[in-house]
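Structural characterization, general
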Amino acid sequence: MNETKITPEIVEQHGFTPEEYAKVLEIMGREPLMTELGIFSVMWSEHCSYKSSRVHLKRLPTTGERVIVPPGENAGVVDIGDDWCVAFKVESHNHPSFIEPFQGAATGVGGILRDVFTMGARPIALMNSLRFGHLDDEKHNRRNKSILKGCVDGIAHYGNCFGTATVGGEVVFDEAYNLNPLVNAFALGIVRKDQIFFGKAEGIGNPVLYVGAKTGRDGIHGATMASAEFDDEALEKRPTVQVGDPFLEKLLLEACLEAMRSGAIAGIQDMGAAGLTSSSVEMASRAGTGLELDLTLVPQRETGMTAYEMMLSESQERMLIVAKSGREKQVVDIFKKWDLDAVVIGKVVEGHQLKVFHNGVLEAEIPVDTVTDAAPLYKRPMDGSKFKIQNSKFKIEDRKSKTENQMGALKMLLASPNICSKRWVYEQYDTMVRTNTAILPGADAAVLRGEGKRPANLVCLVGKR
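Parameters at a glance
Residues numbered from 1 in each chain as written. Predicted model: local features only at pLDDT ≥ 70, side-chain atom pairs only at ≥ 80, totals over all residues. Heavy atoms only, no water. Phe/Tyr/Trp six-rings, centres within 6.5 Å; stacked < 30°, edge-to-face > 60°. Buried < 20%, exposed > 50% of the residue type's maximum accessible area, 1.4 Å probe, protein only. Lys NZ or Arg CZ within 6 Å of the ring centre and 35° of its normal. Salt bridge = Lys/Arg side-chain N within 4 Å of Asp/Glu carboxyl O. Helix = DSSP H or I, 4+ residues; strand = E, 2+ residues; numbered from the N terminus. Expected span 1.5 Å × (residues − 1). Contact = heavy atoms within 4.5 Å. Polar contact = N/O pair within 3.5 Å; in protein donor to acceptor, adjacent residues only side chain to side chain.

Okay, the packing of aromatic side chains next. The geometry of an aromatic ring pair comes down to the distance between the two centres and the angle between the two planes. With the rule as written, the count across this model stands at four aromatic pairs. Judged by centre distance (5.2 Å) and plane angle (80°), the ring pair of phenylalanine 40 and tryptophan 44 falls under edge-to-face. You'll find phenylalanine 40 and tryptophan 44 in the same group, each marked buried. Geometry around tryptophan 44 places lysine 23 over its ring, the cationic atom sitting 5.5 Å from the centre. Lying across the ring of phenylalanine 98, arginine 143 places its NZ or CZ 4.9 Å from the centre.

Below, the structure written as structure tokens:
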């Protein structure tokens, strides 16, 4: 085993509070190994565990007559009739987009596309909801403009190259977002009701396959970084931002859908935030099983990678598949046909332990449920005092209440970046790829053609332009 001494400095660098690390020690009954510490760190981050937002998210309605898959899987699924369903997901990529706007926004799009097609759905629409600081802010205008341009370019790049229509979104400016833009990406796909797949590691003895791109050192601790507060040294975290390849992901989409149709797959999940760690423990947790992984077999594009680095890497365009026993070669052959790596790296086992080996050495042995269901839960203060904005340029109370100069009032309103046309943004997106877009962006909603004998149009909220 790796015997690196865990110091208080290392614990702090991994984002743990003293109380959280004490809970890790209680769970393990010993000092964790470095790989184990990294696994707890990313899985207990806000980005993966929702330890601050779960209490609020549970208040939302999540069931209904047409809800096929509620929260808890990679994407939600809703029945739209004629045995067709839509799978959709929205996810934030805020912190990565501040550090590296282009790649941060691009990989946000790539991540939600994988969340959708891992359910067996073919993506047909993308949208986004963006928040930036004012572009004429004296102190931050150059940075705000750079973030805006980079994020829009990144969204356009990934969606356009991948080949899914970006049919709408919204853009809002406020000084509250000077140092922390919001980049929320949404994807929607369509799937037959009897062809939905789930991220479960089912079937004791079933082989576990790593498929897609090779693993590198990009994105290590990305989930932890995305959960931390930013400071003046935030840009030094640039190495934690992933780098995406939309052309490779298009191949991954087609290979995954073909493998699903073959009937050889028992479970599948994308490697998004926390990479191989989250995909393995979440699949095992949902199925109530354990996993054994041999990282020596993981395809790598860098030399000398450690078990810690491979488990926490957030290299893009990768999936974890549990194949039906005896049919792993069929899955491998399908991915090879699409020029993608596909390697058996482990198996589903009895019990509820994740065991990680590297070069014959046991690098981690953790009860699965402790990193998924036992994550800390907090009830944060909600007074909002930290976010009060002073001297806002567009505050209502700062405007003159005279009504006689209506033309002046109209010009003032039209000058607001929150009212003016956002055409510059959405014209950079390919809105017509696959030719399913019936109503284009620019109105209150876009409409896409659906599937089935009586094609039901899918109405996608765009937001005010």
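On to the pattern of salt bridges. All told, the structure shown has 24 salt bridges when counted by the stated rule. Aspartate 79 is paired through a salt bridge with arginine 66; the nearest N and O atoms lie 3.8 Å apart. Placement of the pair is aspartate 79 in strand S2 (residues 76-81) and arginine 66 in the loop between helix H5 (54-57) and strand S1 (67-69), with a sequence separation of 13 residues. The exposure class of aspartate 79 is buried, given its relative accessible area of 13%.

Turning to helix H8 (residues 141-162), a few remarks are in order. Taking 1.5 Å per residue, 22 residues should reach 32 Å; H8 reaches 32 Å between its end C-alpha atoms and fits that length. Within the span of H8, buried status applies to Asn144, Ile147, Leu148, Gly150, Cys151, Val152, Gly154, Ile155, Ala156, Tyr158, Gly159 and Phe162.

Attention now goes to the environment of glutamate 282. Looking at the secondary structure, you find glutamate 282 in helix H11 (residues 275-287). Spatially, the C-alpha atom of glutamate 282 lies 7.6 Å from that of glycine 199, the residues being 83 residues apart in sequence. Those residues in contact with glutamate 282, other than ones at most four positions away along the chain, are Met43, Gly199, Gln269 and Thr372. A polar atom in the side chain of glutamate 282 sits 2.7 Å from the side chain of glutamine 269.

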